Amino acid sequence: MSVPSNTFTTFDAVGNREDLIDVIENISPVTNIFTNLTGSGKANGRYHEFQTDALASPGANAVVEGDDAIATAITPTARLGNWVQGLRKVFQVSDVQEWVDKAGKESEVSHQSEKNLKELANDTEYALVINATASSGSATTARTMLGLDGYISTNVTNAGSVALTQAIFETNLQLIWAQGGFPSLVLCGAFQKKKFDALTTNTREVMADKKEVTAAIDVFKSSFGTVMIKLHHIINTIAPSKVFILGDMKLWKKAWLSPVKKEELARTGASRKFMIEAHLTLEGRQEKGSGKITNLTTS
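Since this is a predicted model, take the numbers as computed values, not measurements. (Residues numbered from 1 in each chain as written. Predicted model: local features only at pLDDT ≥ 70, side-chain atom pairs only at ≥ 80, totals over all residues. Heavy atoms only, no water.)

Counting buried positions along strand 13 (residues 271-284) yields 11 of 14 residues, so the element is predominantly enclosed. Pairing of strand 4 (residues 85-94) with strand 13, which is carried by 10 bridges, proceeds in the antiparallel orientation. Of the residues in strand 13, the one forming a bridge with Val93 is Arg272. Sheet topology note: the strand 12 (residues 252-264)/strand 13 ladder contains 10 bridges and is antiparallel. (Buried < 20%, exposed > 50% of the residue type's maximum accessible area, 1.4 Å probe, protein only. Helix = DSSP H or I, 4+ residues; strand = E, 2+ residues; numbered from the N terminus. Pairing = 2+ DSSP bridges.)

This brings us to the sheet that holds strand 1 (residues 39-42). Reading across the sheet, the 4 strands line up as 1-12-13-4 and stay open at both edges, with mixed pairing between neighbours. If you trace the sheet from one side to the other, it starts and ends with strand 1 and strand 4, each paired once. Strand-to-strand twist across the sheet, computed as the mean angle between neighbouring axes with direction ignored, equals 30°. Of the strands in this sheet, strand 4, strand 12 and strand 13 are in contact with helix 3 (residues 108-130), which crosses strand 4 at around 160°. (Axes fitted to C-alpha atoms, helices over the stretch in contact; angles between N-to-C directions. Contact = heavy atoms within 4.5 Å.)

On to the pattern of salt bridges. Throughout the structure, instances matching the rule amount to 12 salt bridges. A salt bridge links Arg88 to Glu277; the nearest nitrogen and oxygen atoms lie 2.5 Å apart. One end of the pair, Arg88, is in strand 4; the other, Glu277, is in strand 13, and 189 residues separate them in sequence. Residue Arg88 is classed as exposed on the basis of its relative accessible area of 52%. Taking relative accessible area as the criterion, Glu277 reaches 15% and is therefore assigned buried. Note that Lys118 is salt-bridged to Glu114, the shortest N-O span being 3.5 Å. Linking Lys118 with Glu114, this pair stays in helix 3, spanning 4 residues, or about one helical turn. A single network of salt bridges, built from pairs that share partners, joins Asp149, Lys242 and Lys292. (Salt bridge = Lys/Arg side-chain N within 4 Å of Asp/Glu carboxyl O.)

Here 6 strands make up an open sheet; going across it, the order is 5-14-11-6-10-9 and the pairing mixed. Only two strands of the sheet have a single partner each, and these edge strands are strand 5 (156-162) and strand 9 (219-222). Pairs of neighbouring strands in the sheet enclose a mean axial angle of 20°, with direction left out of account. When strand 5 meets strand 14 (residues 291-296), the two strands line up parallel, connected through 4 bridges. Bridging from a neighbouring strand, Val162 pairs with Leu296 of strand 14. Sheet strands in contact with helix 5 (residues 166-178) are strand 5, strand 6 (185-188), strand 9, strand 10 (225-231), strand 11 (243-246) and strand 14, and its direction is about 165° off that of strand 5. Contacts between helix 6 (residues 190-197) and the sheet are confined to strand 6, strand 10, strand 11 and strand 14, with strand 6 contributing the most and set at about 130° to the helix.

Now for unusual backbone geometry. Of note, Ser161 is a non-glycine position whose phi angle comes to about 65°, a positive value. Note that Ser161 resides in strand 5. Under the relative-accessibility criterion, Ser161 is labelled partly exposed at 45%. One non-glycine residue, Asn295, lies in positive phi territory at about 60°. Here Asn295 falls in the partly exposed class, since its relative accessible area comes to 31%.

Before going further, it helps to examine helix 5. Here helix 5 contains 13 residues, and its C-alpha end-to-end distance of 18 Å stays within 8% of the 18 Å for a straight helix at 1.5 Å per residue. Of the positions making up helix 5, those classed as buried are Ile168, Phe169, Asn172, Leu173 and Ile176. For helix 5, the arc enclosing every buried residue in end-on projection is 135°, short of the 170-degree limit, so these residues lie on one face. The outward face of helix 5, more than 90 degrees from its buried face, is lined by the exposed residues Ala167 and Ala178. Immediately beyond the C-terminal end of helix 5, within one or two residues, lies Gly180, with a positive phi of roughly 105°. (Expected span 1.5 Å × (residues − 1). Arc of directions from axis to C-beta.)

See the structure below:
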């Protein structure tokens, strides 16, 4: 069939209004688990320092009755530090774009402010978790902080390119416990989370009357502590072969030289430019209280 002769259709019209709904959907993940769980403090310079200490190993201790007291040598504290990293997002909106009638948003500046703040939060989480090395920077290169992946060096289990198993997981929990840590939280990507879910010793629940099946492990109770298992979007994308096991979250702390702030920069024309910036670093007060599993298969 064909359209009758001289029938005016939407293919001919030039004045029909567009069918654009007044909603903008964004499902990009915002993952700030580590950022949210760590406390905050103040940094006062580009290199932020802190101290750690440890007890002497236990040993036989018995004294002769009436013997003189003789002091033992004191081991000084360890002095550690981390570089403060600056993070920035900049956006610019023309005056005309701000004035025109827009679908899904009243203000382009407000929309971009919200979007860029979320992106900066994701970038901050990336630095805190993924950064494996620190750099002092220079006049031409940016400073970078040491993140979770770079800090954890004592309790590391190399899986040797095999799939995650309960034995591998509990081996790392035991390492953390032996150092005095209390494993409490796992951060991992989707593939490793499914490996946790598939552990054969878990207790599953099937509710036939409600047509529900629970086939996920979100809490793992071991001899070395009860551990919550959380999915992490950034680890899923950037470090899918790793599992991070954290102990007392008080051992990790953010130190802010300058908190997140948004500033409007000077005009240079018929547009407005905004800068969102923050400067912070990560205090790894006792990395021995956490651990990680590396070199796991991802397929």
